[in-house]
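Spelled out from the first residue to the last, the chains are:
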Amino acid sequence: MLPCLLALVWSGLLILADGAIGVMAGWDTPMPGERWATVGLAGHCVLAVGCLLVLLAGLSAPQRRRAAALTAWLIIPVAFGWLVLTARLVGSA
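Residues numbered from 1 in each chain as written. Predicted model: local features only at pLDDT ≥ 70, side-chain atom pairs only at ≥ 80, totals over all residues. Heavy atoms only, no water.

> Even after reading the chapter, I still don't get the environment of Ile-76, so can you show me in this structure?
Note that Ile-76 resides in helix H3 (residues 65-92). Taking the C-alpha atoms as reference points, Ile-76 and Leu-52, separated by 24 residues in sequence, lie 13 Å from one another. (Helix = DSSP H or I, 4+ residues; strand = E, 2+ residues; numbered from the N terminus.)

What follows is the structure, given as structure tokens:
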């Protein structure tokens, strides 16, 4: 349960970071890659929903708890990689 909750909190924090990227990209003169911030936000929302589904799967069936924990631990670096990718796309487009 702990890895799933950590992944969920991490996804929530990265959703806030995507919101900050979107705000900063739209200041004064909007950057050409500002739409990538929306894509990043959507991706992190998908990962957060995935965290919830993994948590529910792990809680409902004890035999799935190990797979749920491994999946949750994998979501954390994937979410960070998605943040880095979208931040680079926002800045370079």
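> Honestly, helix H2 (residues 35-60) in this entry has me stumped. Any pointers?
Given 3.6 residues per turn, any residue in an α-helix points the same way as the ones three and four places further on. Helix length check: H2 (26 residues) gives 38 Å between terminal C-alpha atoms against 38 Å at 1.5 Å per residue, within 8%. Ala-37, Gly-40, Gly-43, His-44, Leu-47, Ala-48, Cys-51, Val-54, Leu-55 and Gly-58 are the residues of H2 that are buried. For H2, the secondary structure elements touched by its buried residues are helix H1 (2-25) and H3. (Expected span 1.5 Å × (residues − 1). Buried < 20%, exposed > 50% of the residue type's maximum accessible area, 1.4 Å probe, protein only. Contact = heavy atoms within 4.5 Å.)

> Mind showing me how you'd approach the nonpolar core here?
For soluble globular proteins, the rule of thumb is that nonpolar side chains tend to be buried together. In terms of nonpolar packing, the biggest core is built from 16 residues, with Cys-4, Ala-7, Ile-21, Ile-75 and Val-90 touching the most fellow members. Among the elements of the structure, H1, H2 and H3 are those that each provide at least two residues to this core. Broken down by element, the residue count for this core peaks at six residues, all from H3. (Core = buried A, V, L, I, M, F, W, Y, C linked by side-chain atoms within 4.5 Å.)

> For this particular structure, what's the right way to read the packing of H2 against H3?
Packed helices, taken two at a time, are described by the angle their axes make and the gap between the axes. Two elements in contact, H2 and H3, have axes whose closest approach is 10 Å; the angle formed by their N-to-C orientations is 175°. Classed by the angle they form, the pair H2 and H3 counts as roughly antiparallel. Contacts between H2 and H3 involve Trp-36, Ala-37, Val-39, Gly-40, Gly-43, His-44, Leu-47, Gly-50, Cys-51, Val-54, Gly-58 and Leu-59 on the former and, on the latter, Arg-65, Ala-68, Thr-71, Ala-72, Ile-75, Val-78, Ala-79, Trp-82, Leu-83, Thr-86, Leu-89 and Val-90. Among the residues making up the contact of H2 with H3, the classes are represented as 16 nonpolar, seven polar and one charged. (Axes fitted to C-alpha atoms, helices over the stretch in contact; angles between N-to-C directions. Parallel < 35°, antiparallel > 145°, perpendicular 65-115°, else oblique. Nonpolar A, V, L, I, M, F, W, Y, C, P; charged D, E, K, R; others polar.)

> Just checking my understanding: could you explain the packing of H1 against H3 for this structure?
Where H1 meets H3, the axes come as close as 8 Å, and the angle between the chain directions of the two elements is 10°. With respect to H3, the element H1 is oriented roughly parallel. Contact residues: Pro-3, Cys-4, Leu-6, Ala-7, Trp-10, Ser-11, Leu-14, Ala-17, Asp-18, Ile-21 and Ala-25 in H1; Ala-68, Ala-69, Ala-72, Trp-73, Ile-75, Ile-76, Ala-79, Phe-80, Leu-83, Thr-86, Ala-87 and Val-90 in H3. When grouped by side-chain class, the residues that make up the contact of H1 with H3 number 20 nonpolar, two polar and one charged.

> I keep staring at the packing of aromatic side chains and nothing clicks. Help me out?
The relative placement of two aromatic rings is captured by the distance of their centres and the angle of their planes. Under the counting rule described, the total for this entry stands at one aromatic pair. Taking 6.4 Å as the distance between ring centres and 35° as the angle between the ring planes, the aromatic pair formed by Trp-10 and Phe-80 counts as tilted. Taken as a pair, Trp-10 in helix H1 and Phe-80 in helix H3 lie far apart in primary sequence, 70 residues in all. Judged by relative accessible area, which is 28%, Trp-10 ranks as partly exposed. (Phe/Tyr/Trp six-rings, centres within 6.5 Å; stacked < 30°, edge-to-face > 60°.)

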